[in-house]
Amino acid sequence: MLPTYLILVFFIGIFHILYKGDLSFILLVFLIAMPIIMFVILAIQTKLLTVTLSSDGAVTERGRPSVLRLTLNNRFFLPITACKISVRYIIHFAPNKNVPGKYSVIVPVNHRDMETVSLNFSGDHCGSVEVSIKNIVLCDFLGITRLRKKINFREKIIILPCVFPVIADIESSFVSDSESNTFSQIKSGDDPSEIFQLREYRDGDRHNRIHWKLSSRSESFIVKELSLPISSKTLILCDFSGCKTAYYTDAVLDMAATISSFMTESGTLHTVAAAWNDLTLMTEDISDADKFYAAFGKLCADISSLEFKTPIAEAASIADDTLIIGKGYSRVLVVTAAVSKASAEELSRFCGESRLTIFCISSEGISDAENSSAEIICGLAEELSQTELDI
């Protein structure tokens, strides 16, 4: 619109010079003054425009959209013809892929009214999406003047793996440990430092367990059940060494998250471990849903830092020789993209006397690996609902 406006001013100026009429003079002054007037109005609108941001949450499951909402509130008595919102984002997924992108949307905002713009982000792969909006550009109705309003908004959306239902018989994966600071959520014990639950008195209960203060306010005696300190005996190892594409990385994370989620819902304490590309280990003890999301959120947020070359047994041996033997894990579940007889035997040696089960995504090399001593289960996470497992 600006070139057209300048051409119009030029011809009106020529017309005024040739004919020197009052009408042409007034029209010329009006056209020259219009950009100044429009700039002042736009400056006031920019000052009075408020921008708020909200989201459905910074965490979503793979394949599900996460919605960011940008609300524009125009408090001026004149409408804003056009607000241009430019969004930049970078999608991080494995192995070591960073895909930048951007898009723009133009919306009008009525006078003394609000307009909400919904920005949908969904990831096809586990990882994260970094979203940034630096400013909003406001334009007048002729497109002659424009002003920027800085907002400097940044959001990181973590894309978690999919969790599928599991049919399984679960063994007790915890033992009593008086030195542990973690307490069972499903079984009481004798540790006086933590109260497991309060209940009514039953015949045979110890008198020193009666909560006298609460009992004085009730018609019956209230008994304290003490907590049981526990330590984990199940380890889930995520092996990304065979993940050549994002599909295999997603499948490994889906399987590990599905097993971990099932154990979390069953009240079973366990540990999830993976190797970073500097050959250090991430180990997280998981006892509830918050710790489950924290552990897998950490893996997906820093997915480009995972180790995709070194097998997990070798990486764990380099990082910490006592990962299994020193902590006394009786059960080790390894989730990997591919397995061979050599890798299965290496995992068996690393696990020592711990019972080893390998969950393999790909069937490649399975026939050879089945000759090893390790228990091998082949398939994707969504197939676990059709198979009875003993984990």
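Details of the structure are given in the entry above.
All values reported here derive from a predicted model rather than from experimental measurement.

A. Main features of the overall build of the chain. The helix and strand inventory of the chain stands at 8 helices and 20 strands. Within the span of the chain, comprising 391 residues, buried residues form 46% of the whole. A sequence separation of at least 24 residues applies to 69% of the contacts in the chain between residues at least 6 apart. Looking at the chain as shown, the accessible area adds up to about 20,800 Å², and 53% of this sits on carbon and sulfur atoms.

B. Representation of the sheet that holds strand E2 (residues 59-61) in the model. Spatially, E2-E8-E7-E4-E5 is the arrangement adopted by the 5 strands of the open sheet, whose pairing is mixed. Two strands bound the open sheet, and with one partner strand each, they are E2 and strand E5 (97-109). Averaged over all neighbouring strand pairs, the angle between strand axes comes to 25°, with direction disregarded. Where E2 meets strand E8 (residues 146-160), 3 bridges bridge the pair, whose relative direction is parallel. Directly across from Glu61, in E8, lies its bridge partner Leu160. Here helix H5 (residues 289-301) sits on the sheet in contact with strand E7 (127-139) and E8, set at roughly 120° to E8.

C. Broad picture of the nonpolar core. The biggest cluster of nonpolar side chains holds 41 residues, and the ones touching the most others in it are Phe240, Ile259 and Phe296. Contributing elements (two or more residues each) for this core: E8, strand E14 (234-239), helix H4 (246-265), strand E15 (270-275), strand E16 (281-286), H5 and strand E17 (331-336). Ranked by residues supplied to this core, first place goes to H4 with 9 residues. Judged by nonpolar contacts, the second largest core, of 23 residues, contains Leu70, Leu119, Ile133 and Ile136.

D. Molecular detail of the side chain of Thr264. Of note, Thr264 is situated in helix H4. Residues contacting Thr264, with those up to four places away along its chain left out, are His270, Ile286, Asp288, Ala289 and Phe292.

E. Geometry of the packing of aromatic side chains. By the definition in use, this model includes 8 aromatic pairs. Their ring planes at 75° and their centres at 5.3 Å tell us that Tyr247 and Tyr248 sit as a pair that is edge-to-face. Residue Tyr247 is classed as partly exposed on the basis of its relative accessible area of 47%. One aromatic cluster is present, formed by Tyr89, Tyr103 and Phe121 through successive ring pairs.

F. Spotlight on helix H7 (residues 341-351). Along H7, the residues that are buried comprise Ala344, Leu347, Ser348, Phe350 and Cys351. Down the axis of H7, the sector holding all buried residues measures 165°, keeping them to one side. Exposed positions of H7 whose direction lies more than 90 degrees from the buried face are Ala342 and Arg349. Directly beyond the C-terminal end of H7, a positive phi value near 65° is found at Gly352.

G. Quick peek at the environment of Ala313. Tracing the backbone shows Ala313 in helix H6 (residues 312-319). Residues Ala313 and Ala275 lie 38 residues apart in sequence; the distance between their C-alpha atoms is 9.5 Å. Setting aside anything within four residues of it in sequence, one finds Ala313 in contact with Glu346, Leu347 and Phe350.

H. Molecular detail of a positive patch on the surface. A surface patch of like charges, here positive, comprises Lys84, Arg88, Lys102, Lys134, Arg146, Arg148 and Arg154. The set of elements that each furnish at least two residues to the positive patch consists of strand E4 (80-93) and E8. With 3 residues, E8 is the largest single contributor of residues to the positive patch. Structurally, Lys84 is set in strand E4. Residue Lys84 is classed as partly exposed on the basis of its relative accessible area of 33%.

I. Representation of the state of the cysteines within the structure. Per the counting criterion, the structure on display carries 0 disulfides. Just so you know, Cys243 is unpaired, no disulfide at all, and the nearest cysteine sulfur is the one on Cys238, 9.6 Å from it. Judged by its relative accessible area of 3%, Cys243 is buried. Just so you know, Cys300 is unpaired, no disulfide at all, and the nearest cysteine sulfur is the one on Cys126, 4.7 Å from it.

J. Seen up close, the packing of H4 against H5. Interaxial distance between H4 and H5 falls to 10 Å at its minimum, and their mutual angle equals 165°. Considering the angle they form, H4 stands roughly antiparallel to H5. At the point where H4 passes H5, the crossing takes the right-handed sense. Contact residues: H4 offers Leu253, Ala256, Ala257, Ser260, Ser261 and Thr264, while H5 offers Ala289, Phe292, Phe296, Leu299 and Cys300. When the residues that make up the contact of H4 with H5 are grouped by side-chain class, the tally is 8 nonpolar, 3 polar and no charged.

Parameters at a glance
- Residues numbered from 1 in each chain as written.
- Predicted model: local features only at pLDDT ≥ 70, side-chain atom pairs only at ≥ 80, totals over all residues.
- Heavy atoms only, no water.
- Helix = DSSP H or I, 4+ residues; strand = E, 2+ residues; numbered from the N terminus.
- Buried < 20%, exposed > 50% of the residue type's maximum accessible area, 1.4 Å probe, protein only.
- Contact = heavy atoms within 4.5 Å.
- Areas by Shrake-Rupley, 256 points an atom, 1.4 Å probe, with all protein chains shown as cover.
- Pairing = 2+ DSSP bridges.
- Axes fitted to C-alpha atoms, helices over the stretch in contact; angles between N-to-C directions.
- Core = buried A, V, L, I, M, F, W, Y, C linked by side-chain atoms within 4.5 Å.
- Phe/Tyr/Trp six-rings, centres within 6.5 Å; stacked < 30°, edge-to-face > 60°.
- Arc of directions from axis to C-beta.
- Patch = residues over 30% accessible without salt bridge, like charges linked within 9 Å, V, L, I, M, F, W, Y side chains within 5 Å.
- Salt bridge = Lys/Arg side-chain N within 4 Å of Asp/Glu carboxyl O.
- Lys, Arg positive; Asp, Glu negative; His and termini not counted.
- Charge placed at Lys NZ, Arg CZ, Asp CG, Glu CD.
- Disulfide = S-S within 2.5 Å.
- Parallel < 35°, antiparallel > 145°, perpendicular 65-115°, else oblique.
- Left-handed = near helix turned anticlockwise from the far one by under 90°.
- Nonpolar A, V, L, I, M, F, W, Y, C, P; charged D, E, K, R; others polar.

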